[in-house]
Amino acid sequence: MTPQARAVRLGPRSVAALALVGAVGVGALGWPFLAPPESSVAAHAQDAPWLFAGLLVLLVAVVAATISESGLGPKAVAMVGVLAATGAALRPIGAGTAGIEPMFFLMVLSGRVLGPGFGFVLGSVTMFASALLTGGVGPWLPFQMLSMGWFAMGAGLLPGPDRLRGRGELVLLAVYGFVGAFAYGTVMNLAGWPFMDENSTRIAFDADAPVAANLARFVAYCLATSLGWDLGRALVTVVLTFLVGPAVLRALRRATRRAAFEAPVTFDAPAR
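Residues numbered from 1 in each chain as written. Predicted model: local features only at pLDDT ≥ 70, side-chain atom pairs only at ≥ 80, totals over all residues. Heavy atoms only, no water.

K.L.:
Looking at this structure, I do not really get the pattern of salt bridges. What am I missing?
P.N.:
Two side chains that carry opposite charge are able to pair once their charged atoms sit near each other. Throughout the structure, instances matching the rule amount to four salt bridges. Salt-bridge contacts for Glu169 lead to Arg253; the nearest nitrogen and oxygen are separated by 2.6 Å. One end of the pair, Glu169, is in helix α8 (residues 167-192); the other, Arg253, is in helix α10 (residues 227-259), and 84 residues separate them in sequence. Residue Glu169 shares its accessibility class with Arg253, and that shared class is buried. (Salt bridge = Lys/Arg side-chain N within 4 Å of Asp/Glu carboxyl O. Helix = DSSP H or I, 4+ residues; strand = E, 2+ residues; numbered from the N terminus. Buried < 20%, exposed > 50% of the residue type's maximum accessible area, 1.4 Å probe, protein only.)

The structure is reproduced here in structure tokens:
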């Protein structure tokens, strides 16, 4: 079978940039469990999310620029634009309704076909565009962009991109979409949880509590606030993957072949 073409080939610089933003993202999201109570970060629990949000905006921009420099050509940019616009248009369809977010299945299938580098850029751009469309711009947006970038990139890292087809591939993508939908919700809970007033509820982050106590608070927070929403998102992703996944995968692969992302560009001399 002919190896599947990639819209973006990640070079060493792109991989290094992705690793950097990943490490900072983990720190930005996991600092309530990583920073000791006596640290200055824990002392400014209400300010830290704003600082990390501003930092993530810059880092995501750096990663996108690095990937672009390493091979995001005009055809790949056009593909990003089309898919990001489609994803942004899909998001408001179920916004606010039991976690019905059909854009997630499109991110899974796009990352699978077009690769992890393209997936990261697509996920970040789609979330940014959808936030502008729905008015959902705030300190949570950089975390959404990073989380969706990770989500789509993970689909591009799934095994068997050149060999696995048919029912087996759909099952793999559905399982990934189901688990990834819960992971996305958990990550976004980490982004918003420290904003809660610790005096108003027993499931809020407490800067003076030990790690084990805060972990228990966070689990209770997830169960109380987002479990139903995440379950709805996961089930919608699975259903759409099985229902329209085969057609979308064929369309994406056909478009990738016709775009010939990896074909060298040549300029022939004009005929005399």
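The structure having been displayed, the exposition proceeds.
K.L.:
Before we go on, may I ask you to explain the layout of surface pockets in this structure?
P.N.:
Taking a probe equal in size to a water molecule and rolling it over the atoms shows the remaining empty space. By volume, the largest pocket is sized at about 490 Å³. Forming the walls of the largest pocket are 21 residues, and the residues nearest its centre are Arg91, Gln144, Met188, Trp229 and Arg233. Residue assignment for the lining of the largest pocket shows that the elements contributing at least two residues are α7 (141-156), α8 and α10. For the lining of the largest pocket, the element with the most residues is α8, which contributes six residues. Residues of the lining of the largest pocket, tallied by class, amount to nine nonpolar, eight polar and four charged. (1 Å grid on protein atoms, 1.4 Å probe; cavity = no way out; pocket = protein on both sides within 12 Å on 5 of 7 lines; lining within 4 Å. Points joined across faces, edges and corners; volume = space filled by probe spheres on them. Nonpolar A, V, L, I, M, F, W, Y, C, P; charged D, E, K, R; others polar.)

K.L.:
Even after reading the chapter, I still don't get the nonpolar core, so can you show me in this structure?
P.N.:
Soluble, globular proteins show a tendency: their nonpolar side chains are buried together. Ranked by internal contacts, the top residues of the largest apolar core, which has 48 residues, are Leu83 and Met148. Elements represented by at least two residues in this core include exactly α1 (12-34), α4 (74-90), α5 (103-114), α6 (116-134), α7, α8, α9 (211-225) and α10. Tallying contributions element by element places α5 first for this core, with nine residues. Val21, Phe120, Leu146 and Met153 belong to the second-largest nonpolar core, a separate cluster that totals five residues. (Core = buried A, V, L, I, M, F, W, Y, C linked by side-chain atoms within 4.5 Å.)

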